[in-house]
Amino acid sequence: MDKQFEHEWQTPQADGSTIFRTCAWSPPGDHPVGCGVELHVKDGKLIHVEGDETHPITQGRLCPRCLALKDYTYDPKRIIYPMKRDPEKRGQADAWEQITWDEAFAIIEEKVGDIEKKYGREAILVFGGTGREACMFYYPLAFSSLNTPNLCYAQSGWACYGPRASVADYILGAGYPELDTGYFPDRMDDPRYKLTEVAVCWGKMPLWSNGDGFFGHSLIDMMKRGTKIICIDPRVTWLGSRKGNMTLQLKPGTDAALAMGILNVIINEDLYDHDFVGNWCYGFEELAERVNEYPLELVEKITWVPAEDIRTAARMMAKANPMCILWGLAIDQNKNGVQAGHAILSIQAITGNIDVPGGLTVGDPSVRLGRWVTDSRMYLSDELWAKRIGVDKWPAFAATMASTHPDETLETLETGQPYEVKMAWINSSNFLSATCADQNQRWYKALLPMEYTIASDLYMNPTIEGLADLFLPMSTFAEHDGFVIPYYMSNNVWLGCMAKAFSVGDTKSDLEICWEVGRRVTPHSNWPKYNNTDEWLNEQLEGEPLLPFTWDEFKEMGMYFPPMTYKKYEKGMLRNDGQPGFNTVTGKFELYSVLYDAWGEDPMPYYEEPTYTQVSKSELAEEYPLMATSGARVSAFFHSEHRQIAKLRALNPDPLVEINPVTAQKYGIEDGDWVQVYNMFGQGNWRAVVTPTIDERTIHCQHGWWFPEDEGSAPNLYGVFKANFNLLVPHFNVGNLGFGCPAKGIMANIRKVESIEDRNEQNYKQIPPVLVDSHGWIK
Ligand SMILES: Nc1nc2c(c(=O)[nH]1)N[C@H]1C(S)=C(S)[C@@H](COP(=O)(O)OP(=O)(O)OC[C@H]3O[C@@H](n4cnc5c(=O)[nH]c(N)nc54)[C@H](O)[C@@H]3O)O[C@H]1N2
Ligand SMILES: Nc1nc2c(c(=O)[nH]1)N[C@H]1C(S)=C(S)[C@@H](COP(=O)(O)OP(=O)(O)OC[C@H]3O[C@@H](n4cnc5c(=O)[nH]c(N)nc54)[C@H](O)[C@@H]3O)O[C@H]1N2
Ligand code: SF4
Ligand SMILES: [Mo]
């Protein structure tokens with residue numbers, strides 16, 4: 001196989017060091033972007049990190065987190081040997097003792113055997129966080145290595161990527177679609193590519209997030225070539241404030257209404273693509289009727305976006321050729337998010353911008369490196385699979401997600417129904433901080449009674465300190481072999497190679513742990529058949545006709561763009577039967593969803609006011625007059641990670657809340673003051689950033705905070721409950737199909753306080769626990 005790029009894997013230097021070329025993924029945390037990195041290694045030690053200028057997408061550009069890899073790797077707080085602690089001493093930071101891997105694996109064998117005998121394997125619950133490399137291995141860890149059906153991504157309503165990927169599956173019949181930035185070796189210079197005229201960042205800010213496999217750098221490259229950008233965001237961001245770009249500054253959580261308003265303009269001004277609609281869409285008449293329920297005056301009232309701006313943006317989007325919407329996390333973090341996603345994809349479809357050059361492209365389904373994730377399920381018996389927690393109540397969720405239902409999982413832990421969970425494995429999630437859980441204190445209490453809890457991570461964190469008994473230390477992406485798989489295999493537009501450059505202490509990768517645990521505790525799984533993990537890596541490439549190389553060849557190649565074909569729906573490349581069309585029930589793009597109908601959901605997109613706003617809870621409007629959103633990504637941190645790395649922390653030393661100057665003045669708050677943000681569910685303190693880039697009625701809080709420098713032992717747990725936005729977010733505020741949570745839009749209030757420690761006793765007493773019923777209201 002010829003290399004597409006000229007960069008040697010290893011380049012020896014005159015001073016005795018070697019430059020290793022690799023593609024970054026995780027750990028430390030990152031979505032599957034695979035930026036090109038050069039690691040300078042001398043005497044087995046990382047001495048310097050540079051961007052790889054020959055990488056066709058990142059071209060030498062790196063964020064501070066990769067540049068700080070040396071600090072991250074060698075920080076004395078990093079844990080590089082296995083440790084155990086007596087379960088009686090959970091929460092005691094000084095009770096850990098170092099052990100060997102042999103001892104650690106022997107403990108795992110003993111505990112799993114014991115749990116199996118007493119309760120069955122379903123009593124083991126594996127936790128996994130966001131789409132790091134670990135997310136390609138926590139399914140096999142649960143299903144084939146531990147042989148339990150229970151894998152939990154704990155964010156309420158699976159409110160990240162799950163909803164978007166599911167909507168795409170239901171109505172487009174394809175994996176998660178994304179903006180085309182030229183998936184060829186010569187990228188945007190390839191004659192088959194066409195530059196996107198208008199790109200819409202809808203609840204997505206890729207410059208900081210590089211979300212889910214999309215490179216923020218590509219947007220900058222496109223802007224330099226002339227692409228205009230519309231941002232749909234309650235905050236004016238760097239992108240939205242550039243000359244020629246535009247921002248629609250909406251009320252948090254009202255995205256579906258805005259999308260319906262835009263559809264209204266496009267349909268009623270006859271700006272849609274008649275050819276695509278006529279040949280490839282199902283349900284246009286019904287949609288045309290539905291959008292009339294959303295006149296722009298009403299949409300303005302709901303969304304706070306002036307009607308004229310909606311009209312201007314809609315016309316720009318419809319007339320641009322090509323146009324593409326980048327749909328982000330804000331779509332998911334909303335119980336109305338499935339409908340927002342449906343409406344957004346419908347805009348993309350009726351303007352004829354699906355799978356065209358520079359539009360919203362879907363990957364070729366035959367390029368499926370990563371099949372091991374779904375294949376791992378075959379080692380579970382049907383009897384065990386049927387015990388997956390909570391999915392029987394949520395058929396739409398069960399159709400696309402292989403995990404437990406997160407909110408049902410918490411209920412199961414608390415009630416012991418339909419059965420008791422006795423053992424947990426915390427992999428790549430620090431859910432006691434404001435990350436993968438809402439109502440974190442409930443999760444904490446619910447998991448304290450576990451008979452045994454294992455964690456695999458690189459650093460101690462509040463969740464592991466509070467809950468775990470065994471710590472398995474992990475290697476960084478620079479210290480192990482693996483593939484970078486964008487969009488978690490649903491849309492493999494390119495592949496990156498992670499090749500080990502050096503090692504530190506005695507650590508292992510997620511793959512190595514899956515392999516060793518599987519061989520020991522689940523002999524009927526695939527794991528015993530491999531003598532080492534290289535054999536496994538090779539097997540993944542064998543039999544993939546569009547990936548004709550071995551693992552060793554891939555290490556030399558570095559990265560690879562599989563063949564890219566546009567308009568696959570015309571060529572019979574999307575459907576299992578090889579016929580033209582989309583892989584949906586009707587064979588068309590479903591503006592009207594036949595599946596929603598079958599599940600008892602409205603088949604057309606619609607707007608529903610979020611449960612906790614001044615409109616839907618008007619009786620509380622005075623008490624909580626502001627809309628709080630949260631979690632917009634920053635370049636210094638990946639969720640709760642990196643707080644202990646001094647160079648990164650210096651970029652953002654404290655948890656921050658953004659407040660408009662008018663609002664700040666009203667509350668007597670100045671830039672840099674400590675501010676308490678509170679609502680009926682909880683409270684926390686953040687430091688004020690007074691900025692006109694946020695609307696007067698909205699505030700924005702950072703997420704993921706804890707303080708590695710604080711006391712680690714319980715109950716403090718590194719101060720994890722001091723500035724924790726998810727204490728303000730209820731449990732089980734999901735939409736009709738089981739998805740979404742209000743982390744990006746919930747009513748709240750603020751007051752100035754003296755320090756991060758200040759609490760309002762009366763308010764604080766409400767937590768824990770505040771119990772919420774399945775409609776999201778306090779019991
Ligand atoms: N550096 C860094 N990168 C990351 C992560 C990280 O923690 N740090 N996390 C990764 C993960 S797991 C994810 S899911 C992605 C997410 O990455 P993105 O999809 O880019 O999402 P966010 O950065 O959370 O938010 C994007 C924008 O949505 C806006 N927003 C807030 N509320 C609303 C709303 O109601 N409607 C609309 N339209 N916009 C709203 C915010 O102001 C923000 O500017 O990032 C990934 N990348
Ligand atoms: N308020 C609010 N809350 C949010 C969000 C928001 O926007 N607002 N965003 C939400 C979203 S979208 C997400 S996805 C979640 C993310 O939530 P989580 O995925 O739980 O994020 P982290 O807290 O960073 O936890 C990751 C842990 O895994 C470890 N780790 C990193 N890489 C690896 C690896 O490859 N293998 C293993 N074994 N461990 C690894 C890290 O050291 C860290 O301790 O947070 C959610 N929480
Ligand atoms: S997005 Fe930033 S931190 Fe992540 S791999 Fe690329 S350079 Fe590294
Ligand atoms: Mo996420």
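Residues numbered from 1 in each chain as written. Chains lettered and ligands numbered in written order. Predicted model: local features only at pLDDT ≥ 70, side-chain atom pairs only at ≥ 80, totals over all residues. Heavy atoms only, no water.

Turning next to the domain arrangement of the protein. Per the domain assignment, the segments of the protein are domain 1 (1-74 + 478-502 + 545-564), domain 2 (83-159 + 370-474 + 509-529), domain 3 (178-361 + 580-598) and domain 4 (618-771). Approximately 3,200 Å² of surface area, both sides summed, lies buried where domain 2 meets domain 4, with 61% of it carried by carbon and sulfur atoms. The largest per-residue losses of area from domain 2 upon contact with domain 4 belong to Ala-434, Gln-439 and Gln-441, which jointly make up 22% of the total buried on that side. For the pair domain 2 and domain 4, the number of links is one salt bridge. A salt bridge links Arg-132 to Glu-641; its shortest N-O distance comes to 3.1 Å. Run the count over domain 2 and domain 4 and you get 18 residue pairs in polar contact (both at pLDDT 80 or more). Mapped onto the side of domain 2 that touches domain 4, the elements with two or more residues apiece are helix H17 (395-400), helix H18 (406-415), helix H19 (440-447) and helix H20 (462-467). No other element matches the five residues that H19 contributes to the side of domain 2 that touches domain 4. Residues belonging to the side of domain 2 that touches domain 4 are distributed by class as follows: 15 nonpolar, 16 polar and eight charged. (Domains from an automatic or database assignment. Buried area = accessible area lost by both parts, 1.4 Å probe. Salt bridge = Lys/Arg side-chain N within 4 Å of Asp/Glu carboxyl O. Polar contact = N/O pair within 3.5 Å; in protein donor to acceptor, adjacent residues only side chain to side chain. Helix = DSSP H or I, 4+ residues; strand = E, 2+ residues; numbered from the N terminus. Nonpolar A, V, L, I, M, F, W, Y, C, P; charged D, E, K, R; others polar.)

Neighbouring residues of ligand 2: 35 residues in total, closest Thr-435, Asp-457, Asp-510, Ser-640 and Asn-726. Gln-333 places a polar side-chain atom, nitrogen or oxygen, 3.4 Å from an oxygen atom of ligand 2. A distance of 3.1 Å separates an oxygen atom of ligand 2 from a polar atom in the backbone of Asn-430. For ligand 2, whose free accessible area comes to 920 Å², the fraction covered by protein is 98%. Tallied by class, the residues present in the shell around ligand 2 amount to 10 nonpolar, 19 polar and six charged. (Near = heavy atom within 4 Å. Areas by Shrake-Rupley, 256 points an atom, 1.4 Å probe, with all protein chains shown as cover.)

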